[in-house]
Amino acid sequence: MLEGHFESAGASIEYGATGCLFPVDELDATVLQYRDAQIALDDVNGSDVIVVAPTSLATSYFLTQHALTAIPVDSLSTAVQTQLANELDDPVDTFELIQIGKWNRDSPNHSLTEFTSV
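Below is a summary of the structure that appears in this document.

1. Overview of the pairing of strand β5 (residues 97-100)
- Every second residue of β5 is oriented toward a common face, with Leu-97 and Gln-99 on one face and Ile-98 and Ile-100 on the other, all of them buried.
- Note that strand β3 (residues 49-53) and β5 share three bridges and pair parallel. Paired with Val-51 across the two strands is Gln-99, which belongs to β5.
- As defined by bridge partners, strand β4 (residues 69-72) adjoins β5 across four bridges and the pair is classed as antiparallel. Each bridged residue has a counterpart across the sheet, and for Ile-71 the counterpart in β5 is Ile-98.

If you want it as structure tokens, here you go:
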């Protein structure tokens, strides 16, 4: 399940070192958001994902409010890949996606009648 990527991610990069990815709307790369990002992230192993990690309460808030975004690593320019590679232990091209934002966990669909006493 997708939320597991935060626990099983192959790598994480602190938000402060990812300025080259923001704003994502201006990024010259393939940017998948919302449902498209969910599908892309569901299709890869967590170890193939780089997550953007918060460095403070403010960045944590920003990232949890940010639309779930998946960026294929191979769609990034060489310059951006080089900047990210400087922050990673493994080569950046060994990863498939960069995840920004956090997936909201699936919750069971409950009927309101379950919460009333009969």
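Next, the rest of the story.
2. Re the pairing of β3
- Buried residues dominate β3, accounting for five of its five residues.
- Along β3, one buried face is formed by Val-49, Val-51 and Ala-53 and the opposite face, lined by Ile-50 and Val-52, is buried too.
- Here four bridges tie strand β1 (residues 11-14) to β3, and the two strands are oriented parallel to one another. Looking at β3, one finds that Ser-12 is bridged to Val-51.

About the thresholds
- Residues numbered from 1 in each chain as written.
- Predicted model: local features only at pLDDT ≥ 70, side-chain atom pairs only at ≥ 80, totals over all residues.
- Heavy atoms only, no water.
- Buried < 20%, exposed > 50% of the residue type's maximum accessible area, 1.4 Å probe, protein only.
- Helix = DSSP H or I, 4+ residues; strand = E, 2+ residues; numbered from the N terminus.
- Pairing = 2+ DSSP bridges.

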